[in-house]
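Tertiary structure, described
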Amino acid sequence: MRLKDMSSSKCVGIALYIGSMLLLMEWVLPLGQVTDTGGTHLFIIYIVFCFVISLIQLPMWIAPILKLAGMMFLLNYIFYEPSFFSLAWLGELLVDLQLSTQALLGQSWIELTPVFRTLLFLILLWMMSYLLYYWFVVVKRPFSFVLLTFVYVTALDTFTLYDGNVAIVRVFILSVLILILANLNRIVDQEKIKVPSSRTMAKWIAPMAIVVFISAAIGFAAPKFEPQWPDPVSFIQAAGQNGFGSGDGSGGVNRVGYGEHDDRLGGGFIMDDTTVFYATATSPRYWKVETKDEYTGHGWVRSDEGTPTTNESGHFPHISDYGESVERNETEAELQFIEPGHLNKIPYLYGTETVGTTVDGVSFYYNHTTGELASIINEEQDLVEEGYSLEAGRPDFPRNKMREVSVEHDESEEMPDRYLQLPDDLPERVSNLAEEIVEDVDENRYDYARAIESYFEDSGFEYATSDVAIPDDDEDYVDQFLFDTQRGYCDNYSTSMVVMLRSLDVPARWAKGFTGGERAFQQDVFSGEGSNVFEVQNNNAHSWVEVYFPEVGWVPFEPTVGFDNQANFSTGESIDDILDGDTNEDDPLEAPENDDQSDLDDLLDEGNESEEDEAAGSIGQDSNFNWLHLLAITIGTLLTIWLIYMYRSKIVASWKNQKLKRKPSAKTITNSYQFILKLLEREGYQFQSGETLREYADNVDRMLGNKQMTELTQYYERFVYREEDLISEVDQFYQTWRQLTKQILSK
């Protein structure tokens, strides 16, 4: 019986030790991904070798010799050409050890040779085989190492590119089995329970093992919540390059907020709600900072830094260098910076003419080539704490005038060729795609730009700020986005549109700055401005496209999915032209007239006259005609029409209510949401130019005193833009839509 007891206890010890070996392997496996370490399988082999020697309990003088021999064999195999048994390689090894020892004593860590570093790592693995034997087999207290393994794997999965989804499942299964065995063995020892036989022990452990495997399988396969926090990898990379919250993005591909270095685009964009500045405005507007003109295949640089114009008055009329066809609306704005970070330029509105500040001794400069506006303080470019005031003539860009511009770049435009520059190695399929997009549109510069602008949303491209691909050195940034990933944020969309336009010989450039931000109802910077104050954060950093039109100027376009163009556009017709009918016959907005149409109108007029004559004759001949009946019918008809008109919203709402309830589908949900927008507009809740759906929903909820519009908008965006299957949630959509409709109609 004693022999059986010893055998059973030994089996538990062996199982615990094997479990510790497998956990140690989980520490080594990720090294090939998160470091420049190669040949991790060799370290795994050495771990198994050391653990087997410890497990069979060889004499104390034999085990170290074998482990040392295994270590030397691996070093010879990895680094030296002579065979292990020739011993010629030992001289080279000694030289490596001598050099590394000197570097170690001199604290020159970077000069440590790969041989010495590998030797140290193998010694560490050797020591771990002893330590884990003591923790797991002798004292049977594995919890500390189990916990450290969990922390290690989850930390690598969270903060590096290592994918620990499968590894964490392996660690979970091993850890639970190890803890079960260790706890069971400890109870047997403490309570002086008779140790069962190996067969009985197996019967006890088998059900628990089955439960563990089933639990792990269910946990792995079960649906899970989306990450509640943004992926920190991009943030850490950017922080390592820039310092936390710097927003500079120097030298990196992952940036926080606004950055100046755009020569290497790609990677995630971490949202940062740090307030950059507050601004007064009547509606959200682009805040432009700069433009860039040369696309390298991986990002943007400048081919010409330009020559800035400096003056103390801050008056720069050529900032808004627009043609006479562009109508201007005078407006004013104020800026107050809070945490600008590395931003040392002044964001400004389209149409800005004058910038000023209350601080004495400040001069301003504007660079017409790069579009940069800045203030000079003590001969250095910087921002003043007191803020700035802007005077602008907000442009209304005329569509009909822009449609008159031919597609091809004309030498008479005096536009530098740099706005048509493309890399020599740009993949041909990029320009082929651009030609396909504009194949069926009118051949003018505006319609070409609009076709490419709307292509991304029409083709199902996805807006995302995390898990965005980074092109390899031999990949083109635009080509990867258009044909491989179709997922990204503003830099992807704006760069792609500029490149495709240039491939069609349309002058275009890359602009960047900030979007208009969110209305700041609770702020103390501009206390007297009410709702006309916007908070612009780091996560409002944005890039867009500018296209050149002769006699109009540089016009902004917005290709990014989910964003609206925050510039103003008009038909280009005056009120007098519309009323007098003096519009250009070639205007595509005006229906053409022809001789056939005139002849048809003449025939209709003659027919109407004949019918009127016949009707007059019949009425005159019928002396018994009852005028009271005619009056009653007329009044009844008018009353019916008036009632239908007065209650049209409720009638349509009732009809859509039944349709949505009976047959929920993409079409009925879209129509129901658009009906809500029409109701709100009829009740005075106007959709402002440049306002997104979510911004509009927030404003409506504040006025109505609930969150129903925001909830409805979230359902709508999920169904329409993300194409999620909301059939299971259609009842919630229906109830929210019905309640909101009743509230609007009751006002």
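Here, the structure is the one placed above.
Residues numbered from 1 in each chain as written. Predicted model: local features only at pLDDT ≥ 70, side-chain atom pairs only at ≥ 80, totals over all residues. Heavy atoms only, no water.

Glancing now at the sheet that holds strand β12 (residues 380-381). Taken in spatial order, the 4 strands of this open sheet run β7-β10-β11-β12, and their pairing is antiparallel. Unpaired on one side and paired on the other, β7 (309-311) and β12 mark the two borders of the sheet. In this sheet, strand β10 (residues 363-367) lies alongside β7 in antiparallel orientation, the contact comprising 3 bridges. Paired with Thr309 across the two strands is Tyr366, which belongs to β10. (Pairing = 2+ DSSP bridges. Helix = DSSP H or I, 4+ residues; strand = E, 2+ residues; numbered from the N terminus.)

Inspection of every chain in the model, using the stated rule, returns 20 salt bridges. Two residues, Arg418 and Asp293, come together in a salt bridge whose shortest N-O distance is 3.3 Å. A residue pair is termed long-range when its members are at least 10 positions apart, and Arg418 in the loop between α11 (399-403) and α12 (428-437) and Asp293 in the loop between β4 (287-292) and β5 (294-295) qualify at 125 residues. When its relative accessible area of 5% is taken as the criterion, Asp293 is described as buried. Here Glu546 ties to Arg509 by a salt bridge, and the two come within 2.7 Å at their closest N and O atoms. With a gap of 37 residues between them, Glu546 in strand β19 (residues 541-549) and Arg509 in strand β16 (residues 508-514) connect regions that are remote in the sequence. Each of the two residues, Glu546 as well as Arg509, counts as buried. Salt bridges sharing partners connect three or more residues here, namely Glu290, Arg302, Glu305, Lys345 and Glu372. (Salt bridge = Lys/Arg side-chain N within 4 Å of Asp/Glu carboxyl O. Buried < 20%, exposed > 50% of the residue type's maximum accessible area, 1.4 Å probe, protein only.)

Below, the discussion takes up a nonpolar patch on the surface. A contiguous nonpolar patch, built from Val48, Phe49, Val52, Ile56, Leu58 and Leu66 and spanning about 430 Å² of accessible area, is present on the exposed surface. Here the nonpolar patch takes 4 residues from helix α3 (residues 40-56), the largest share from any one element. Assessed through its relative accessible area of 41%, Val52 is described here as partly exposed. (Patch = residues over 30% accessible without salt bridge, like charges linked within 9 Å, V, L, I, M, F, W, Y side chains within 5 Å. Areas by Shrake-Rupley, 256 points an atom, 1.4 Å probe, with all protein chains shown as cover.)

With that settled, consider helix α7 (residues 143-159). When the terminal C-alpha atoms of α7 are compared, their 24 Å separation across 17 residues agrees well with the 24 Å that a helix rising 1.5 Å per residue should span. Within the sequence span of α7, burial applies to Phe145, Val146, Thr149, Tyr152, Val153 and Leu156. Down the axis of α7, the sector holding all buried residues measures 125°, keeping them to one side. (Expected span 1.5 Å × (residues − 1). Arc of directions from axis to C-beta.)

A word on helix α13 (residues 445-458). With 14 residues, α13 extends 20 Å between its outermost C-alpha atoms, agreeing within 8% with the 20 Å of an ideal straight helix rising 1.5 Å per residue. Among the residues making up α13, those that are buried are Arg445, Tyr446, Asp447, Tyr448, Ala449, Ala451, Ile452, Glu453, Tyr455 and Phe456. For α13, the N-terminal cap is Asn444; the gap from its side-chain oxygen to the backbone nitrogen of Tyr446 is 3.2 Å. A positive backbone phi angle near 80° is found at Gly460, which sits one or two residues after α13. (Polar contact = N/O pair within 3.5 Å; in protein donor to acceptor, adjacent residues only side chain to side chain.)

Next up on the list: the packing of aromatic side chains. Counted according to the given criterion, the structure contains 36 aromatic pairs. Seen in terms of ring centroids, Phe456 and Tyr493 are 5.4 Å apart; in terms of plane orientation they differ by 85°. Their pairing is edge-to-face. Residue Phe456 is located in helix α13, and its partner Tyr493 is located in helix α15 (residues 490-503); the two are separated by 37 residues in the primary sequence. The same class applies to Phe456 as to Tyr493, namely buried. Members of the aromatic cluster, connected to one another through ring pairs, are Phe277, Trp287, Phe337, Phe364, Tyr388 and Phe514. (Phe/Tyr/Trp six-rings, centres within 6.5 Å; stacked < 30°, edge-to-face > 60°.)

As a further point, take the side chain of Asn492. Counting through the fold element by element, Asn492 comes out in helix α15. Residue Asn492 is classed as buried on the basis of its relative accessible area, which comes to 3%. Of note is the side chain of Asn492, whose polar atom sits 3.1 Å from the side chain of Tyr477. Apart from residues no more than four positions distant in its own chain, Asn492 is found in contact with Val468, Tyr477 and Phe481. (Contact = heavy atoms within 4.5 Å.)

Quick look at the sheet that holds strand β20 (residues 553-557) now. Spatial ordering of the open sheet is given by β4-β16-β19-β20, a layout of 4 strands whose pairing is antiparallel. Sheet topology places β4 and β20 at the edges, where each strand pairs with a single neighbour. Put simply, the sheet's adjacent strands are angled 40° from each other on average, direction ignored. The pairing of β19 with β20 spans 5 bridges and is classified as antiparallel. Along β20, the bridge assignment pairs Phe549 with Gly553. Of the strands in this sheet, β19 and β20 are in contact with α13, which crosses β19 at around 155°. (Axes fitted to C-alpha atoms, helices over the stretch in contact; angles between N-to-C directions.)

This paragraph deals with unusual backbone geometry. One non-glycine residue, Glu379, adopts positive backbone phi at about 65°. Summarising the element assignment, Glu379 is placed in the loop between β11 (372-377) and β12. Note on Glu379: relative accessible area 79%, which makes it exposed. The backbone phi angle of Asp505 is positive, close to 70°, even though this residue is not glycine. On the secondary structure map, Asp505 appears in the loop between α15 and β16.

Looking now at the packing of helix α4 (residues 62-79) against helix α6 (residues 114-138). Following both chains from N to C, one finds α4 and α6 inclined at 150°, their axes separated by 11 Å at the closest point. Our classification of the angle between α4 and α6 gives roughly antiparallel. Every pair of crossing elements has a handedness; the one defined by α4 and α6 is right-handed. Facing Ala63, Pro64, Lys67, Leu68, Met71, Met72, Leu74, Leu75 and Phe79 of α4, the residues of α6 in contact are Pro114, Val115, Thr118, Leu119, Leu122, Ile123, Trp126, Ser129 and Tyr130. (Parallel < 35°, antiparallel > 145°, perpendicular 65-115°, else oblique. Left-handed = near helix turned anticlockwise from the far one by under 90°.)

With that out of the way, let us pick up the side chain of Lys67. Considering the arrangement of structural elements, one finds Lys67 in helix α4. Buried and unpaired, Lys67 has Glu26 as its nearest opposite-charge partner, separated by 21 Å. Apart from the residues within four sequence positions on either side, Lys67 is in contact with Tyr46, Phe49, Cys50, Ile53, Ser54, Trp126, Ser129 and Tyr130. (Lys, Arg positive; Asp, Glu negative; His and termini not counted.)

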